[in-house]
Amino acid sequence: MCTNSINKGTWQFMSSYLIEHSYAIHAVEHDLESSFYIILWTALMYKETYMDIVHQMKLITQVFETDPGSSLKVHWLIRRTNLPCVMFVKCKLLDGLIHTLARFFLHWYTQISDHQQMVFDDFQLAFNQSMIQGPALNEHMLKAAHAFMASSLFTRRRWV
C-alpha cells in the first residue's frame, strides 16, 4: 500500500479511481485494474485487429488519454464504447479476456439502488441474528436470502 499523498505512476495505465482521486490510498485492486489496461494496450499495439485505424484510435483515446482528475475512463468502462465484440484476428480468447475484465472492473464503479441496499441490509441483519440464535436458519433468514439473491441476479443480468 502506498502512503504517499499523491499517487504516482503512468496515468494511462492507472486505475480509474486513482485518476479521479489523486489523494486516494493505493491498494491492490488498483493494481489489478491497471493490469487490465496494460493487457488492453499491449494487445492493441501488437496484435492484429479487425478495427480500422479510426476506431482503434478512438478506443485508445477514450481509454488512455485521460487526464488526472478526469472521469472519462470510468465512463468508458461503464459504457465500453468503441469496444467491439470481436477485436483481434484469430484470437477469441483474448477478445473474451478483454471483455470479461472490462465487465469485472465495471462493477467497482456502478451504483446500487436504495432498494438493493435495503435488501442487502435486511439480509445482513437476518444473517447476523441467525448466527446469534444458533446455526438453525429461521424463515426470516431464508426470505431475506432469497430476496438478496433475486436482487443480485437482476442486477447482474442488467449489466452483463
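Fair warning: this is a prediction, and the values are worked out from it, not measured in the lab. (Residues numbered from 1 in each chain as written. Predicted model: local features only at pLDDT ≥ 70, side-chain atom pairs only at ≥ 80, totals over all residues. Heavy atoms only, no water.)

Asker: Any chance you could break down the overall build of the chain for me, citing the residues and the numbers?
Answerer: The helix and strand tally for the chain stands at seven helices and zero strands. In the chain, which comprises 160 residues, the proportion classed as buried is 34%. Of the contacts formed within the chain by residues at least 6 apart in sequence, a portion of 58% connects residues at least 24 apart. Roughly 10400 Å² of accessible area belongs to the chain as shown, and the carbon and sulfur atoms make up 62% of that amount. (Helix = DSSP H or I, 4+ residues; strand = E, 2+ residues; numbered from the N terminus. Buried < 20%, exposed > 50% of the residue type's maximum accessible area, 1.4 Å probe, protein only. Contact = heavy atoms within 4.5 Å. Areas by Shrake-Rupley, 256 points an atom, 1.4 Å probe, with all protein chains shown as cover.)

Asker: Provide a residue-level description of the packing of helix H2 (residues 28–46) against helix H4 (residues 72–79), including the pertinent values.
Answerer: Two numbers describe how H2 lies on H4: the axes approach to 14 Å, and their chain directions differ by 75°. Regarding the angle of H2 to H4, the classification is roughly perpendicular. Facing Glu33, Phe36, Tyr37 and Leu40 of H2, the residues of H4 in contact are Lys73, Trp76 and Leu77. Tallied by class, the residues present in the contact of H2 with H4 amount to five nonpolar, no polar and two charged. (Axes fitted to C-alpha atoms, helices over the stretch in contact; angles between N-to-C directions. Parallel < 35°, antiparallel > 145°, perpendicular 65-115°, else oblique. Nonpolar A, V, L, I, M, F, W, Y, C, P; charged D, E, K, R; others polar.)

Asker: Could you give an account of the nonpolar core, naming the residues involved and the relevant values?
Answerer: Nonpolar side chains tend toward joint burial in soluble globular proteins. Formed by 23 residues in total, the largest nonpolar core has its most connected members in Phe36, Leu40 and Trp76. Leaving out residues up to four positions away in the same chain, tryptophan 76 has contacts with Phe36, Tyr37, Leu40, Leu59, Gln62, Val63, Thr81 and Leu83. (Core = buried A, V, L, I, M, F, W, Y, C linked by side-chain atoms within 4.5 Å.)

Asker: So what's going on with the side chain of serine 16? Residues and values would help.
Answerer: You can see serine 16 is positioned in helix H1 (residues 16–20). Of note is the side chain of serine 16, whose polar atom sits 3.0 Å from the side chain of glutamate 33. With sequence-adjacent residues up to four places away left out, serine 16 is seen in contact with Glu33, Tyr37, Lys73, Val74, Leu77 and Tyr109. (Polar contact = N/O pair within 3.5 Å; in protein donor to acceptor, adjacent residues only side chain to side chain.)

Asker: Explain helix H5 (residues 92–106) to me, and be specific about the residues and the numbers.
Answerer: For an α-helix, 3.6 residues make a turn, and residues three or four places apart therefore share a direction. For H5, spanning 15 residues, the distance from its first C-alpha to its last is 21 Å, which sits close to the expected 21 Å at 1.5 Å a residue. Every buried residue of H5 is listed here: Leu94, Asp95, Ile98, His99, Leu101, Ala102, Phe105 and Leu106. Down the axis of H5, the buried set is contained in an arc of 160°. They therefore lie on one face. Turned more than 90 degrees from where H5 packs its buried face, Lys92 and Leu93 sit exposed. (Expected span 1.5 Å × (residues − 1). Arc of directions from axis to C-beta.)

Asker: So, a nonpolar patch on the surface: which residues are in play, and what are the values?
Answerer: A cluster of nonpolar side chains, contributed by Val28, Leu32, Phe104 and Trp108, occupies part of the molecular surface with about 400 Å² of accessible area. Assignment of secondary structure puts leucine 32 in helix H2. When its relative accessible area of 46% is taken as the criterion, leucine 32 is described as partly exposed. (Patch = residues over 30% accessible without salt bridge, like charges linked within 9 Å, V, L, I, M, F, W, Y side chains within 5 Å. Salt bridge = Lys/Arg side-chain N within 4 Å of Asp/Glu carboxyl O.)

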